[in-house]
Amino acid sequence: MKKGRTEAFSDGVIAIIITIMVLELKVPHEKSELKDLVPLLPVFLSYVLSFIYVGIYWNNHHHMFTAVNRVNGAVLWANLHLLFWLSMIPFATAWMGENHFAAAPVAVYGGVLLMNSIAYFILMSVLVKHHGNESLLAKAVGSDLKGKLSTACYILAIPLAYVSTWISGGLFVLVALIWLIPDRRIENVVREVEDEV
């Protein structure tokens, strides 16, 4: 099957996820001073972090599908699995922000990020299996050190939320920063193939 509908559906779901998250930012109606926004700071910070995470997943999903040319039933289900966990981000974001980064919401947020990481790995693995170990995607991904490091950080952040939410939050920010640094593996492999043609 061609990949176009999968990409279009994924883009639509991700756009809805971002919309749901921004709707959680409630405007203080009875107050009109800048200081009245201070209580909303935890909600805003959790939104910013989650927006970055959803953006990272969208960006990497786009790159991953650039390196493949077809999908099958297993890919469709793996993609839906990823979209399910991405759709849990607004809930975890709202709970964490509205409870001012309390331990349990931060741990749940870490759990949702961990499941997103696992779901992304599953999707990538299914795509590599479908296209073969010599495919562009397989060559580009390699050992996926960034993915493994991210998963390890989430695994650490979940129990650490009960020790210090600052440490857990720091790990979430660290992973986001790791992925914000441009990862050109797929772009480089695709460019090499295009140059050869």
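Up top you'll find the structure we're talking about.
This write-up is about the structure you can find in this document.

A few points about helix α5 (residues 103-131)
The end-to-end C-alpha separation of α5 is 42 Å, in line with the 42 Å expected for 29 residues at 1.5 Å each. In the segment just after α5, Gly132 is the residue with positive phi, at about 100°.

Regarding the packing of α5 against helix α8 (residues 165-180)
For any two helices packed against each other, the geometry is given by the interaxial angle and the distance between the axes. Contact geometry for α5 and α8: axes closest at 10 Å, N-to-C directions at 25°. The angle between the axes of α5 and α8 places the two elements in the roughly parallel class. As α5 packs across α8, the resulting crossing turns out to be left-handed. Where α5 abuts α8, its residues Ala103, Val106, Tyr109, Gly110 and Leu113 lie against Thr165, Ser168 and Phe172.

Digging into the nonpolar core
Membership of the largest hydrophobic core comes to 53 residues, with the highest contact counts inside it found for Tyr53, Leu86, Tyr109, Leu123, Leu127, Leu137 and Phe172. Excluding anything up to four places from it in sequence, Leu127 contacts Met64, Phe65, Val68, Arg70, Val75 and Leu137.

Structural notes on unusual backbone geometry
With a phi angle near 60°, Phe101 is a residue other than glycine that sits in the positive phi range. Here Phe101 lies in the loop between α4 (89-98) and α5. You will see that Asp144, though not glycine, has its phi angle at about 55°, which is positive. By the element assignment, Asp144 lies in the loop between α6 (136-141) and α7 (145-160).

What to know about the side chain of Lys3
Tracing the backbone shows Lys3 in the segment before α1 (4-23). Reaching out from Lys3, the side chain makes a polar contact with the backbone oxygen of Phe65 at a distance of 2.5 Å. Those residues in contact with Lys3, other than ones at most four positions away along the chain, are Phe65, Thr66, Val68, Asn69 and Val71.

Analysis parameters
- Residues numbered from 1 in each chain as written.
- Predicted model: local features only at pLDDT ≥ 70, side-chain atom pairs only at ≥ 80, totals over all residues.
- Heavy atoms only, no water.
- Helix = DSSP H or I, 4+ residues; strand = E, 2+ residues; numbered from the N terminus.
- Expected span 1.5 Å × (residues − 1).
- Axes fitted to C-alpha atoms, helices over the stretch in contact; angles between N-to-C directions.
- Parallel < 35°, antiparallel > 145°, perpendicular 65-115°, else oblique.
- Left-handed = near helix turned anticlockwise from the far one by under 90°.
- Contact = heavy atoms within 4.5 Å.
- Core = buried A, V, L, I, M, F, W, Y, C linked by side-chain atoms within 4.5 Å.
- Buried < 20%, exposed > 50% of the residue type's maximum accessible area, 1.4 Å probe, protein only.
- Polar contact = N/O pair within 3.5 Å; in protein donor to acceptor, adjacent residues only side chain to side chain.

Geometric descriptors of this kind do not, in isolation, establish any biological role.
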